[in-house]
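One-letter residues, chain by chain:
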Amino acid sequence: MAVYRNKGIVLRSIRFGEADRILDLYTQDAGLTSAIAKGIRKTKSKFGARLEPLSCVDFMAYTGRSLDTLTQAETLRSFHEIREDLIRFEAAARMVGYVKSLSGGDEADRRVFNLLYHALDALEGRESGFEAMEAAFGMKLAILAGYAPQLDACVECGMEPGESEGMLRFAPGLGGILCAECDGGESRDSFPMPPGSLEGLRAIVRIPLKELPETGLMGEALRRVVRSHVIAHAPSNALVSDVGGGGRKRPA
Ligand SMILES: [Zn+2]
């Protein structure tokens, strides 16, 4: 029974028994971690309020055979404003889904922790552009996980988009863009990208989350591309999008 201290962002909190909760956290030093917090559903537990989904906490725990047991938690950031706003919360929930889909196992990657923290910080601090922020987070996470999409040239013929007339498509299974000539029509696993969205995709790869513009990034189109790309490449091939409650899994 080893006692340890770590920082973590609460991804999910499930009721367990009379007064306990089982938490999934993305931690700074141990990646995805599950821990039980005992007694936190009692009305007098201050501890419980600190462990709301999306909260970033500094915690103490001891290791167990299957689950660790959390004994103390101090709030570093509650990200309260995200939980209070449905649009922000939905974007955050999908970000959590990306983390679960792409960062499986208990390999620690501090860059994932930092990316999620900065994404939540940006989501809380801005007034618009939540979809673009969600897409940017998913894109950067996919790149960290080793699944960078090919955006500079057609995945089939290698032609650069500027040389090709006509509508570009995104082919998630092939991992990048398809030019109009290589586009095999609707039967292929691909979909059209509206004009300007390729520039948007390149921008979310290049620009740090904090500096992402709040407007003008075609958030909906970017989100579609990133979501399809993550689903095509996630090790579990399923996008888990459940912050807070039960174990709802959305089929790919
Ligand atoms: Zn081509």
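You'll find the structure just up there.
Because the structure is predicted, anything quoted here is derived from the model rather than measured. (Residues numbered from 1 in each chain as written. Predicted model: local features only at pLDDT ≥ 70, side-chain atom pairs only at ≥ 80, totals over all residues.)

1. Side note on unusual backbone geometry
Here comes step 1: With a phi angle near 85 degrees, Leu54 is a residue other than glycine that sits in the positive phi range.
Here comes step 2: Looking at the secondary structure, you find Leu54 in the loop between α1 (46-49) and β4 (56-62).
Here comes step 3: One non-glycine residue, Phe79, lies in the positive phi region at around 50 degrees.
Here comes step 4: Here Phe79 lies in the loop between β5 (68-77) and α2 (80-83).
Here comes step 5: On the basis of neighbour count, Phe79 is assigned to the buried category, with 24 C-beta atoms found within 10 Å. (Helix = DSSP H or I, 4+ residues; strand = E, 2+ residues; numbered from the N terminus. Buried ≥ 20, exposed ≤ 12 C-beta atoms within 10 Å, placed from the backbone.)

2. Observations regarding the packing of helix α6 (residues 197-206) against helix α7 (residues 219-233)
Here comes step 1: Relative to each other, α6 and α7 sit at 70 degrees, their axes nearing to 10 Å. As the angle between them shows, α6 and α7 are arranged roughly perpendicular. Every pair of crossing elements has a handedness; the one defined by α6 and α7 is right-handed. Contact with α6, carried on its side by Ser197, Gly200, Leu201 and Ile204, involves Ala221, Leu222 and Val225 of α7 and no other residues of that element.
Here comes step 2: Residues of the contact of α6 with α7, tallied by class, amount to five nonpolar, two polar and no charged. (Axes fitted to C-alpha atoms, helices over the stretch in contact; angles between N-to-C directions. Parallel < 35°, antiparallel > 145°, perpendicular 65-115°, else oblique. Left-handed = near helix turned anticlockwise from the far one by under 90°. Contact = placed C-beta atoms within 7 Å. Nonpolar A, V, L, I, M, F, W, Y, C, P; charged D, E, K, R; others polar.)

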